[in-house]
Amino acid sequence: LKASVTYMVQTFIRHWQEHSRKTLPLLLEGYSAGLETGDILFGAFNAQGYGFQAYWSGVELTGLEHEMTKHSKAMRQLKQEQVFNINEIYRQFVHNLLGRSAHPCRLVGECCDEEKILSLHPQANSANTLCFIYSCKLVLSYLFHEYHQAIAQAIEEEKYLDSLRGTAVIPAFHFYDSLARLAVFFDAEEPAQKRLLERVAANQDKLKLWAQHAPMNYLHKFHLVEAERARVLGKEHEAREYYDQAIDLARTHEYVNEEALANELAAQFYLARGQ
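Residues numbered from 1 in each chain as written. Predicted model: local features only at pLDDT ≥ 70, side-chain atom pairs only at ≥ 80, totals over all residues. Heavy atoms only, no water.

## Quick look at the overall build of the protein chain
Then comes step 1: Helix and strand counts for the protein chain come out as 13 helices and zero strands.
Then comes step 2: Reading the helices (α) and strands (β) of the protein chain from amino to carboxyl end gives α-α-α-α-α-α-α-α-α-α-α-α-α.
Then comes step 3: The C-alpha atoms of the protein chain give 19 Å as radius of gyration, which agrees with the globular expectation for 275 residues (19 Å, within 12%).
Then comes step 4: Across its three principal axes, the protein chain shows a C-alpha extent of roughly 60 × 40 × 30 Å. (Helix = DSSP H or I, 4+ residues; strand = E, 2+ residues; numbered from the N terminus. Rg over C-alpha atoms; globule rule 2.2 N^0.38 Å.)

## Some words on the nonpolar core
Then comes step 1: Ranked by internal contacts, the top residues of the largest apolar core, which has 68 residues, are Trp56, Tyr90, Tyr142, Val169, Tyr176, Leu179 and Leu224.
Then comes step 2: For this core, the leading source of residues is helix H9 (residues 169-183), giving nine residues.
Then comes step 3: Apart from residues lying up to four places away in sequence, Tyr176 is in contact with Trp56, Leu138, Val139, Tyr142, Leu143, Glu258 and Leu261. (Core = buried A, V, L, I, M, F, W, Y, C linked by side-chain atoms within 4.5 Å. Buried < 20%, exposed > 50% of the residue type's maximum accessible area, 1.4 Å probe, protein only. Contact = heavy atoms within 4.5 Å.)

## Things to note about the pattern of salt bridges
Then comes step 1: Using the criterion set out here, one finds 22 salt bridges in the structure.
Then comes step 2: For Arg100, the salt bridge goes to Glu65, with nearest N and O atoms at 3.7 Å. Here Glu65 lies in helix H4 (residues 61-77) and Arg100 lies in the loop between helix H5 (81-97) and helix H6 (114-119), a separation of 35 residues in the sequence.
Then comes step 3: Classification of Arg100 as partly exposed rests on a relative accessible area of 43%. (Salt bridge = Lys/Arg side-chain N within 4 Å of Asp/Glu carboxyl O.)

## Things to note about a nonpolar patch on the surface
Then comes step 1: Together, Leu1, Val5, Met8, Val9 and Ile13 give the surface a local cluster of nonpolar side chains, amounting to about 490 Å² of exposed area.
Then comes step 2: Within the element layout of this structure, Leu1 appears in the segment before helix H1 (2-12). (Patch = residues over 30% accessible without salt bridge, like charges linked within 9 Å, V, L, I, M, F, W, Y side chains within 5 Å. Areas by Shrake-Rupley, 256 points an atom, 1.4 Å probe, with all protein chains shown as cover.)

## So, the environment of Leu78
Then comes step 1: If you trace the backbone, Leu78 turns up in the loop between H4 and H5.
Then comes step 2: C-alpha separation for the pair Leu78 and Leu41, spaced 37 residues apart in sequence, amounts to 8.8 Å.
Then comes step 3: With residues near it in sequence (within four places) discarded, Leu78 still touches Leu35 and Ile40.

## Considerations on helix H11 (residues 215-232)
Then comes step 1: Helix length check: H11, at 18 residues, gives a terminal C-alpha distance of 25 Å against a target of 26 Å (1.5 Å per residue), a fit within 8%.
Then comes step 2: In terms of burial, H11 is a largely internal element, 16 of the 18 residues being buried.
Then comes step 3: Gly234, located one to two residues past H11, shows a positive phi value of around 75°. (Expected span 1.5 Å × (residues − 1).)

## Observations concerning the side chain of Asp177
Then comes step 1: The residue Asp177 is located in helix H9 in this model.
Then comes step 2: Beyond its immediate stretch of four places on either side in the chain, Asp177 contacts Leu138, Ala154, Arg199 and Asn203.

## Considering the side chain of Thr69
Then comes step 1: Position of Thr69 relative to the elements: it lies in helix H4.
Then comes step 2: Separated by 2.8 Å, the side chains of Thr69 and Glu65 make a polar contact. (Polar contact = N/O pair within 3.5 Å; in protein donor to acceptor, adjacent residues only side chain to side chain.)

## Focus: the packing of helix H12 (residues 236-252) against helix H13 (residues 256-272)
Then comes step 1: Between H12 and H13, the shortest axis-to-axis distance is 8 Å and the interhelical angle comes to 160°. Between H12 and H13, the angle falls in the class roughly antiparallel. The interaxial crossing formed by H12 with H13 has left-handed handedness. Between H12 and H13, the contacting residues are Glu236, Ala239, Arg240, Tyr243, Ala246, Ile247, Ala250 and Arg251 on the first element and Glu258, Glu259, Ala262, Asn263, Leu265, Ala266, Phe269 and Tyr270 on the second.
Then comes step 2: Of the residues belonging to the contact of H12 with H13, the class tally is ten nonpolar, one polar and five charged. (Axes fitted to C-alpha atoms, helices over the stretch in contact; angles between N-to-C directions. Parallel < 35°, antiparallel > 145°, perpendicular 65-115°, else oblique. Left-handed = near helix turned anticlockwise from the far one by under 90°. Nonpolar A, V, L, I, M, F, W, Y, C, P; charged D, E, K, R; others polar.)

## Structural notes on unusual backbone geometry
Then comes step 1: Even without being glycine, His145 reaches a positive phi, approximately 65°.
Then comes step 2: Along the chain, His145 falls in the loop between helix H7 (127-143) and helix H8 (147-159).
Then comes step 3: The phi dihedral of Glu254 falls on the positive side, at around 65°, and the residue is not glycine.
Then comes step 4: Relative to the assigned elements, Glu254 resides in the loop between H12 and H13.

Next comes the structure, spelled out in structure tokens:
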């Protein structure tokens, strides 16, 4: 039972109360246990879960890409095609972030081709495969400043969100959905601005609850969205405070990716004010 139980606990449960980084060594143990006991499917799931959790935990990308490549080779040898395909989606995601794609917001490159996957009849794609693709595209579009495209990806991802219920994709969706909507706030007319703020408030209600149970994973995300919300509402003092808190908490808990993002957004806030 070790491979299956390890995968379920480390992927769907533990990050809601403990640092996501703590799941990584146990997912590797689950991978080894699956290979040793013949539970090849859950062994492969643990390996795929490792890459997935490591990215959302803010692990350094060059080393992660090496690990994911090694796991993809093993999955292919073990003929675990579905798990292999999901791992390759995330490996392409990492490639894009490392600058190894001609199209940074599209999952097209050495590892996979989103157009081929998305062109399949919907019944040929599992819902979680589609959710993985759109979640990666949401993040990429936001990070590369394609904000309207990010919102379009969020709308698509939300259709399949239930398929990944309990995973780290759920809080990431609400986090990036809010950031993308706040990024286009001043492009919208007043009625649309009101709807954007209502959506952000609903997302923040969820992040606030999750941050109460696992502040090491989710409190800095909550503060960063609060900073961006204060920015668009003209509450400059609150925005400064929330940016600082988001940066400090992300640094303390070693979310280097989100520490960098918080610094970038804070810098844009100050530059816009000629500071």
